[in-house]
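The residues making up each chain are set out below.
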4 protein chains.
Amino acid sequence: MDIMSNTVRKELIQLRRKFHQCAETGWLEFETSIYIIEFLKSQGLDLKYGKSIHGERIGLPSKLKMDAHKMQLTQMKVDFDTSEILEGYTGAVAILDTQRPGPTVALRFDIDALGLEEAKEGHRPFLEHFASKNKGMMHACGHDGHISMGLMLAKSLASQRDQLSGKIIFIFQPAEEGVRGAKSMVDAGILNNTDYILSGHIGFSKKNQVVCGTGGFLATSKLDISFTGKAAHAGAHPELGKNALLAGANCALNLHTLTQFGGGMSRLNVGILMSGTARNVVPDHAHLELETRGETQEINEDLLERVYRMIEASAHMYDVTYETKLMGSAPSYQFVSNEFTQHIKDIFGELDLEIIEGGSLGGSEDITYMLRTVEKKGGHGLFLLFGTDLVAPHHNPRFDFDETVLEQGYNCYMKIVTDLLEI
Amino acid sequence: MDIMSNTVRKELIQLRRKFHQCAETGWLEFETSIYIIEFLKSQGLDLKYGKSIHGERIGLPSKLKMDAHKMQLTQMKVDFDTSEILEGYTGAVAILDTQRPGPTVALRFDIDALGLEEAKEGHRPFLEHFASKNKGMMHACGHDGHISMGLMLAKSLASQRDQLSGKIIFIFQPAEEGVRGAKSMVDAGILNNTDYILSGHIGFSKKNQVVCGTGGFLATSKLDISFTGKAAHAGAHPELGKNALLAGANCALNLHTLTQFGGGMSRLNVGILMSGTARNVVPDHAHLELETRGETQEINEDLLERVYRMIEASAHMYDVTYETKLMGSAPSYQFVSNEFTQHIKDIFGELDLEIIEGGSLGGSEDITYMLRTVEKKGGHGLFLLFGTDLVAPHHNPRFDFDETVLEQGYNCYMKIVTDLLEI
Amino acid sequence: MDIMSNTVRKELIQLRRKFHQCAETGWLEFETSIYIIEFLKSQGLDLKYGKSIHGERIGLPSKLKMDAHKMQLTQMKVDFDTSEILEGYTGAVAILDTQRPGPTVALRFDIDALGLEEAKEGHRPFLEHFASKNKGMMHACGHDGHISMGLMLAKSLASQRDQLSGKIIFIFQPAEEGVRGAKSMVDAGILNNTDYILSGHIGFSKKNQVVCGTGGFLATSKLDISFTGKAAHAGAHPELGKNALLAGANCALNLHTLTQFGGGMSRLNVGILMSGTARNVVPDHAHLELETRGETQEINEDLLERVYRMIEASAHMYDVTYETKLMGSAPSYQFVSNEFTQHIKDIFGELDLEIIEGGSLGGSEDITYMLRTVEKKGGHGLFLLFGTDLVAPHHNPRFDFDETVLEQGYNCYMKIVTDLLEI
Amino acid sequence: MDIMSNTVRKELIQLRRKFHQCAETGWLEFETSIYIIEFLKSQGLDLKYGKSIHGERIGLPSKLKMDAHKMQLTQMKVDFDTSEILEGYTGAVAILDTQRPGPTVALRFDIDALGLEEAKEGHRPFLEHFASKNKGMMHACGHDGHISMGLMLAKSLASQRDQLSGKIIFIFQPAEEGVRGAKSMVDAGILNNTDYILSGHIGFSKKNQVVCGTGGFLATSKLDISFTGKAAHAGAHPELGKNALLAGANCALNLHTLTQFGGGMSRLNVGILMSGTARNVVPDHAHLELETRGETQEINEDLLERVYRMIEASAHMYDVTYETKLMGSAPSYQFVSNEFTQHIKDIFGELDLEIIEGGSLGGSEDITYMLRTVEKKGGHGLFLLFGTDLVAPHHNPRFDFDETVLEQGYNCYMKIVTDLLEI
């Protein structure tokens, strides 16, 4: 059975390459969002974007970076107001309401790129002229493919709306990297009254495999810390200084002692520590960036509480002040096989794919906010992994994938949605 | 001029050896105090002892140690109440009031021994049968000699009371080691209305030298810290524990970063850290003993304030509680040459000794409480060093001194007192 | 079916109480070993003990402790040489050789007590007069019950030797606490040519349950560390000292940062840190006791390698020397269901017990050396948990158990051995 | 007595302002050096510059910074080869050889500016149009005044060469800030056969005071450290990383415990710590910048040795590699009053200034290399402080001084040189 026309196949690849070129990092998906909205509007879908789809956003880039990225954008002529988007209210939500009674199915696609300089030599996107045009930004995690699937699904399902009941919500989520965007959208209420939430990721499995139901998502929190002390001449009057560097160094060291929990695995990493201005001055400032993870939500919360206590104590130790800022967060999520997942596994039997039940991403993804939100109200969630061959691992400057995975993912989503909503 | 009879010379040595034998550490000078009081009473002096000569005592040994020492005392028959002495209100104050108008001169002698096991082989006190009879206690700092001088001065001056005016106060101070006893006596008011305070120390200079005026005393504080956390099985549930060992270790480490002051030298030493019960249990207790020192009073106080903050912060860091206990303290003291010290230097010219003006102990001594107390009210203080040959350095199990230093010290004190008080 | 006579039932309890009274900690099981040997000899079994059943022993108590314990032993008159036992070559091995062809089955019982002061008030062993007679030693982990089972099994099976084929080895292992004794016995070759190794533990499950097959044993290493520096007067010449306390404190702190492994759980605990002699002396010695654990053998080995590196570096940091001593170790062990364990589960069906397949001790036990040794040569191992009601948790001064568990354990072992060896 | 013509007075100020404008930091004094050479050549002095006046240079800025500074230089037409100067062989040495027998007197002036952005509002150099034209570089330590004095002295003395005997060496030293330039020039031998070395500094005393003889220079060393580990995903495989951040943090913390020396004061400051690239990556690099100081040369050397050991050990602790680079150094120097200094004090009596004998800079200055070099061979050194009113302290963006100090300094030098060399 070929449920895919050649036209769809080609357009999937075209779209993927188009978005690969305009790779934009989290909350800076200006052009990306505008293209997405343009495409979806042209399919006659109801659109929501800008402030209306966001609660409080965390982990925003600095105003400086935002302005700099806005500056270098190509002028685009569109017939809708982009001002909020250009303030970082990125992403979009499209609604296909059949006006017929039936369940509400949400599909979520993440759209942000990574802060990496894309490889050139021997790298297909470069050789075939669809490499990122934005310096230091690259789709090295396959989200360009996710956008492509999402847009084609919207197009196909919109054209079949007469054969469908219920409602479909297409969510194009910004800032998945750093687990920042999902919470903002969930807080804005975009998943109210949703019965099913589906999402997935390219890679993490072999070609022609689909992982039906993914768990093992670690709860995580991303934190920035700053310590502020007082500078002083280190030779003449060291005692007049308040040493923020030692506060930060001691904090980093002690934080790393916190990862032993009986209830499961946990992680802590201070990934950045920047402090001081000159060798002969008592350093008056230290900036740290860290993340915590936990196998369960409880472990991550317990760990985070200890982290906050240690930060406070480290500041007190050297009589400096401190500030913390939550830059990202996602809850844990475990896959549990149930009637719904079993049913999906069964209908996947019609696809020419090897089906694996239950997989693990081995990391964190903020889709877990959405999965938990829907399941908490009695709905169902499912996260798929679309196996493919990779040239280089995720988050690598040479990352690229076999584009046939696009139709595989498209087919899987299509299968589920039509199963749930076909009249 | 021989201002010393042979009898005095002999008795000085006899007394020194008698007290060498009953070496008792700080606040445990039970027998020492009783012998001193007995001797002074027999000279017809007014005596004060027990609670009446003490304020709040710091750095007391445990009740267990106090009881243990009391147990092993030889029964002594004396005609005065020793009960308060046996509770650790040790030391004595004798007053020689001539009833004639004149200045009040206080002489201070420290009486405690050290917690050392005295050497045997080749060690004169052992060979000549006057070694300490108390296990683990030894006069290795010459305080036995100080007592001896003090008692003979009291005896001689009491016998000359008809040729003297004013008042002489003989202070036999306990617990100088660990800088504990002086504050307690000063707080009890024993130096109220005192015009001159004199004290001195055997050693720290060459034979036949006397250092007339000593300074360079460092301010110091002695602190005990305990951290109390919560034990837990380190394998099964490490997160249920509150780790007092890490709180203590981190505290010790960070405390040692605190000793840079523009205004002068400072010191900090965590000398003891004891923590934990078993390798598979999260340690629930840590005990630390430390000292601080400062070239000036201000530096030591500033340092101590930082120490307290760090202790508090270290406890908070690992969510444990803490207690601190001040175990000793002494202010700094600088020698300043003035008319009085110049005059003493002049009259010392009659003694057959090399006179050095201004010396330094290079450490801490709680006589500084007394020097500061008297000088603050316009009086004068003087601390002498009586040079002598030492077999081994102070605080060494083989410490012993050339006993001719006893008459040297006796003569110096005698010279000053008679100069000040002779009719 | 009552496979247990009332006599056996009573004797199990009598033996348990007898050994509860002579609780002796690891490598000090002098009286315990002698009683065991006496009992086994009286059943006509071949005995091995002393040096012949030991390789290199680790984690021995100090000579001082060994001598002290020997001193307070009641004089015992026995007709065999106890001299090696009194040097700490404790434990015993009894062989029941039927002289008929058949498999060799080893049963292992651990015999040591814990370094705990047994509770009194409201504590049955105290109230019923079978509390430990040894100060600071107590059977708080049920090994007294294990001995009792082992001796009664030996007695019963010896009396049935005519109905049995093959060979039975009864292993009474010392020093299980601290995972010290198993390696020594395995190294001595007592398991050469063994087909089955069985062992078990009282508790860790509910009354009337038997856990058939236990895994989740963590690999573990126990390490003592000493740092040796140089003492110096902390006020006068701190720079002449080499600070072993700071080396130890910094070592402890940094070691606790080492427990993050992608491959599974790990643990590290510095349980003891003792350093220093006086607050005004730069500490010249530090003693640390720690343990590591790992979900897999590889993790524990990797962790241990990092630990050794950190110890070396910590010493270098403060220019002190160091020594390490391995005080205990056990490999990890996972339960894997197989034909043999399935068969045992089946025959257990005849016992009036709830059978649970696969359990976890949630800690470490050096039986894993024996399980791995036998399985490596193609034999089979099985570790059982005998459920019972506990008054207080293991390793608690109020630990006591419902003694009916003794017959339950006896029956389980009896069932397996007769199944394997009955003619 | 007015030993100063109005012309000299004006030219001193003009020169100071000219050099204030072309403020250039250490080893980048390209324009500064060229102007100095031009001026000195025009006085008919013998000149040495470029590689000939340098040994091994330490604390060089990066090639990038050097090239960037070269780029922004105004084109200058001069009749000598500037190529070596533009490679950072900055500074100049002028020799005035009278060809008459007599002593050799060296005068040293430091010429570098600081890496500061000069103040504008309310700041005289800005208001009167002589502020620094180089972004982020400013003469905030008065070296512009030192250059001015040096040039005018050269001019005046050259014009009086007929009345002088002996030889005068004018040393214009680069890179005094960070104590980098002196060693390089001394190593090149510019002080061989020198009998007197004179230098001084504006400020550090009140207006109309001159400090005749300055000591209290601390020995110092400036060190850069880099630790290189291995990056790894902190969530998935932390154990594959080698954490350079923790190595650096632990190093910084422990280094700060090293500053207690019986022989005198010492200082240590880790002024900069930069580590890591992203919060979810184990940091693979850390960069630290530190300085040590010591009251004596011995203390600084002892401290530095301990610093090197700790760096090595910190690297080993986390299994990372390290590199260190000496970026600056100067020995200690104490002022000792002697016949020469006494003589200078006497002849200063003729100047209308308050004379203070013996002062302290309270910091480090690499003139000490020169002072020690000359005195070691039996020559004499002297460092003067020229008191003046300051608007803001040294090293402050608002630093400016009362320019009458220029003639004060000029007069002092002139007095000494003519006294020593007048026929």
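Criteria and thresholds
Residues numbered from 1 in each chain as written. Chains lettered and ligands numbered in written order. Predicted model: local features only at pLDDT ≥ 70, side-chain atom pairs only at ≥ 80, totals over all residues. Heavy atoms only, no water. Helix = DSSP H or I, 4+ residues; strand = E, 2+ residues; numbered from the N terminus. Contact = heavy atoms within 4.5 Å. Areas by Shrake-Rupley, 256 points an atom, 1.4 Å probe, with all protein chains shown as cover. Lys, Arg positive; Asp, Glu negative; His and termini not counted. Charge placed at Lys NZ, Arg CZ, Asp CG, Glu CD. Least-squares fit on C-alpha atoms with pLDDT ≥ 70 in both. Buried area = accessible area lost by both parts, 1.4 Å probe. Polar contact = N/O pair within 3.5 Å; in protein donor to acceptor, adjacent residues only side chain to side chain. Salt bridge = Lys/Arg side-chain N within 4 Å of Asp/Glu carboxyl O. Buried < 20%, exposed > 50% of the residue type's maximum accessible area, 1.4 Å probe, protein only. Pairing = 2+ DSSP bridges. Axes fitted to C-alpha atoms, helices over the stretch in contact; angles between N-to-C directions. Parallel < 35°, antiparallel > 145°, perpendicular 65-115°, else oblique. Left-handed = near helix turned anticlockwise from the far one by under 90°. Nonpolar A, V, L, I, M, F, W, Y, C, P; charged D, E, K, R; others polar. Expected span 1.5 Å × (residues − 1). Phe/Tyr/Trp six-rings, centres within 6.5 Å; stacked < 30°, edge-to-face > 60°.

Asker: Residues and numbers for the overall build of chain A, please.
Answerer: Check the secondary structure of chain A and you find eleven helices and twelve strands. Taken along its principal axes, the extent of the C-alpha atoms in chain A is 80 × 50 × 40 Å. Contacts in chain A between residues far apart in sequence, at least 24 positions, make up 84% of those at least 6 positions apart. Per element, the accessible surface of chain A, about 15,700 Å² overall, is 49% carbon and sulfur. One finds the centroid of the 41 positive side-chain charges in chain A at a distance of 4 Å from the centroid of its 55 negative side-chain charges.

Asker: Pulling in residues and values, what's your account of the relation of the copies chain A and chain C?
Answerer: Of the two same-sequence chains, chain A is brought onto chain C (RMSD 0.2 Å, axial shift 0.0 Å) by a rotation of 179 degrees. On the angle and the small slide along the axis, the relation comes out as a two-fold axis. Of every C-alpha in chain A, the one belonging to T257 of chain A sits nearest the axis of rotation, 2.3 Å from it. Both copies share a contact surface, since 100% of the interface residues of chain A are interface residues in chain C too.

Asker: Explain the interface of chain A and chain C to me, using residue names and the numbers behind them.
Answerer: Listed by partner, the interface residues are eleven residues for chain A and eleven residues for chain C. A buried area of about 960 Å², summed over both sides, lies between chain A and chain C, and 41% of it is on carbon and sulfur atoms. When residues of chain A are sorted by the area they lose upon contact with chain C, L253, Q260 and R267 of chain A head the list and together hold 52% of the total. The tally of links from chain A across to chain C stands at five residue pairs in polar contact (both at pLDDT 80 or more). Of all the secondary-structure elements, those providing two or more residues to the side of chain A that touches chain C are helix 7 (244–255) and strand 8 (266–275) of chain A. The element best represented in the side of chain A that touches chain C is strand 8 of chain A, accounting for three residues.

Asker: How would you sum up the interface of chain A and chain D? Please name residues and give values.
Answerer: Accessible area lost upon the coming together of the parts serves often as the stated size of an interface. Contacts between the two partners involve 39 residues from chain A and, on the opposite side, 39 residues from chain D. Ranking the residues of chain A by area buried against chain D places L253, L273 and R279 of chain A at the top, with a combined share of 24%. At the junction of chain A with chain D, the criterion picks out four salt bridges. A salt bridge links R279 of chain D to D224 of chain A; its shortest N-O distance comes to 2.8 Å. The interface formed by chain A and chain D holds 14 residue pairs in polar contact (both at pLDDT 80 or more) in total. When residues of the side of chain A that touches chain D are traced back to their parent elements, those giving at least two are strand 7 (219–228), helix 7, strand 8 and strand 9 (285–294) of chain A. Here the side of chain A that touches chain D gets eight residues from one element, more than from any other, and that element is strand 8 of chain A.

Asker: Residue-level account of the environment of G276 of chain B, with values.
Answerer: One can find G276 of chain B in the loop between strand 8 (266–275) and strand 9 (285–294). You can call G276 of chain B buried: its relative accessible area is 17%. Along the primary structure G276 of chain B and R161 of chain B are separated by 115 residues, whereas in three dimensions their C-alpha atoms are 61 Å apart. Residue contacts for G276 of chain B: discarding those within four places in its chain leaves P283 and H285 of chain B together with G271, I272 and M274 of chain C.

Asker: Just give me the short version of the sheet that holds strand 9 of chain A, but keep the residues and values in it.
Answerer: Strand order across the open sheet formed by eight strands is 10(A)-7(A)-9(A)-8(A)-8(D)-9(D)-7(D)-10(D), with antiparallel pairing between neighbours. Where the open sheet ends on each side, the last strands, each with one partner, are strand 10 (321–330) of chain A together with strand 10 (321–330) of chain D. Mean inter-strand twist for the sheet, computed between neighbouring axes without regard to direction, equals 25 degrees. Pairing geometry for strand 8 of chain A and strand 9 of chain A, over nine bridges, is antiparallel. Following the sheet pairing, R267 of chain A is matched in strand 9 of chain A by R293 of chain A. Contacting strand 7, strand 8, strand 9 and strand 10 of chain A, helix 8 (residues 297–317) of chain A runs over the sheet at an angle of about 5 degrees to strand 7 of chain A.

Asker: An account of the packing of helix 1 (residues 6–21) of chain C against helix 11 (residues 404–421) of chain C is needed here, citing residue identities and associated values.
Answerer: Residues and elements named next belong to chain C. It is the contact of helix 1 with helix 11, at a shortest axis distance of 9 Å, that shows an interaxial angle of 115 degrees. With respect to each other, helix 1 and helix 11 are oriented roughly perpendicular. Every pair of crossing elements has a handedness; the one defined by helix 1 and helix 11 is right-handed. Note on element contacts: helix 11 touches helix 1 through L406, E407 and Y410, opposite V8, R9, L12, I13 and R16. Class assignment of the residues belonging to the contact of helix 1 with helix 11 gives a composition of five nonpolar, no polar and three charged.

Asker: A description of the environment of E38 of chain B should follow, citing residues and the corresponding values.
Answerer: Residue and element names in this part refer to chain B. Note that E38 resides in helix 2 (residues 30–41). In sequence terms E38 and L191 are 153 residues apart; their C-alpha atoms lie 23 Å from each other. What E38 contacts, discounting residues up to four positions off in sequence, is K77, V78 and F80.

Asker: Any details on the pattern of salt bridges? Residues and values, ideally.
Answerer: For the structure shown, the criterion picks out 106 salt bridges over all chains. With a closest N to O distance of 2.6 Å, K222 of chain A and E291 of chain A form a salt bridge. Of the two residues, K222 of chain A is situated in strand 7 and E291 of chain A in strand 9; the sequence distance between them amounts to 69 residues. The same class applies to K222 of chain A and to E291 of chain A, which are both buried. We note a salt bridge from K133 of chain B to E31 of chain B, for which the minimum N-O separation is 2.8 Å. Of the two residues, K133 of chain B sits in the loop between helix 4 (124–127) and helix 5 (143–159) while E31 of chain B sits in helix 2, which places them 102 residues apart along the sequence. For E31 of chain B, a relative accessible area of 1% translates into the label buried.

Asker: Quick rundown of helix 7 of chain A? Include the residues and the values.
Answerer: Residues and elements named next belong to chain A. Under the 1.5 Å per step criterion, the end-to-end length of helix 7 is 16 Å for twelve residues, consistent within 8% with the ideal 16 Å. The element helix 7 is largely enclosed, with a buried count of twelve among its twelve residues. Those residues of helix 7 not exposed but buried are A244, L245, L246, A247, G248, A249, N250, C251, A252, L253, N254 and L255. Between a side-chain oxygen at the N-terminus of helix 7 and the backbone nitrogen of L245 the separation is 3.0 Å; the capping residue is N243.

Asker: With reference to specific residues and values, describe the sheet that holds strand 1 (residues 46–48) of chain B.
Answerer: Residue and element names in this part refer to chain B. The eight strands lie next to each other as 1-2-4-3-5-12-6-11, forming an open sheet whose pairing is mixed. Bordering the open sheet on either side are strand 1 and strand 11 (354–360), each of which pairs with just one other strand. Across the sheet, the mean angle separating the axes of adjacent strands is 25 degrees when strand polarity is ignored. Two elements, strand 5 (residues 196–202) and strand 12 (residues 380–386), share seven bridges in a ladder whose sense is parallel. In the strand pairing of strand 12, H201 is matched with L385.

Asker: Provide a residue-level description of the pairing of strand 3 (residues 104–110) of chain D, including the pertinent values.
Answerer: All names here are of chain D. Of all seven residues in strand 3, seven are buried, a share of seventy percent or more. The side-chain alternation of strand 3 yields two buried faces, one formed by T104, A106, R108 and D110 and the other by V105, L107 and F109. Strand direction decides the pairing type here: strand 3 and strand 4 (residues 167–173), joined by seven bridges, are parallel. Paired with D110 across the two strands is Q173, which belongs to strand 4. Sheet topology places strand 3 next to strand 5 (residues 196–202); three bridges connect them, and they run parallel. If you follow L107 over to strand 5, its bridge partner there is L198.

Asker: Outline the side chain of S33 of chain C, supporting the account with residue identities and numerical values.
Answerer: Summarising the element assignment, S33 of chain C is placed in helix 2 (residues 30–42). Taking the relative accessible area as the measure of exposure, S33 of chain C reaches 1% and is therefore buried.

Asker: Before we move on, can you summarise the relation of the copies chain A and chain D with the specific residues and values?
Answerer: Structural alignment of chain A on chain D gives an RMSD of 0.2 Å, achieved by rotating through 179 degrees and translating 0.0 Å along the axis. Comparing interface residues between copies, 100% of those in chain A also lie at the interface in chain D; the contact surface is shared.

Asker: So, the packing of aromatic side chains: which residues are in play, and what are the values?
Answerer: Here the distance between the centres and the angle between the planes together describe a pair of aromatic rings. Residues and elements named next belong to chain B. Throughout the structure, instances matching the rule amount to 36 aromatic pairs over all chains. Seen in terms of ring centroids, F217 and F383 are 5.3 Å apart; in terms of plane orientation they differ by 85 degrees. Their pairing is edge-to-face. Taken together, the residues F217 in the loop between strand 6 (209–215) and strand 7 (219–228) and F383 in strand 12 connect sequence positions 166 residues apart. In this pair, the class of F217 matches that of F383, namely buried.

By themselves, these figures tell us nothing about what the structure is for.
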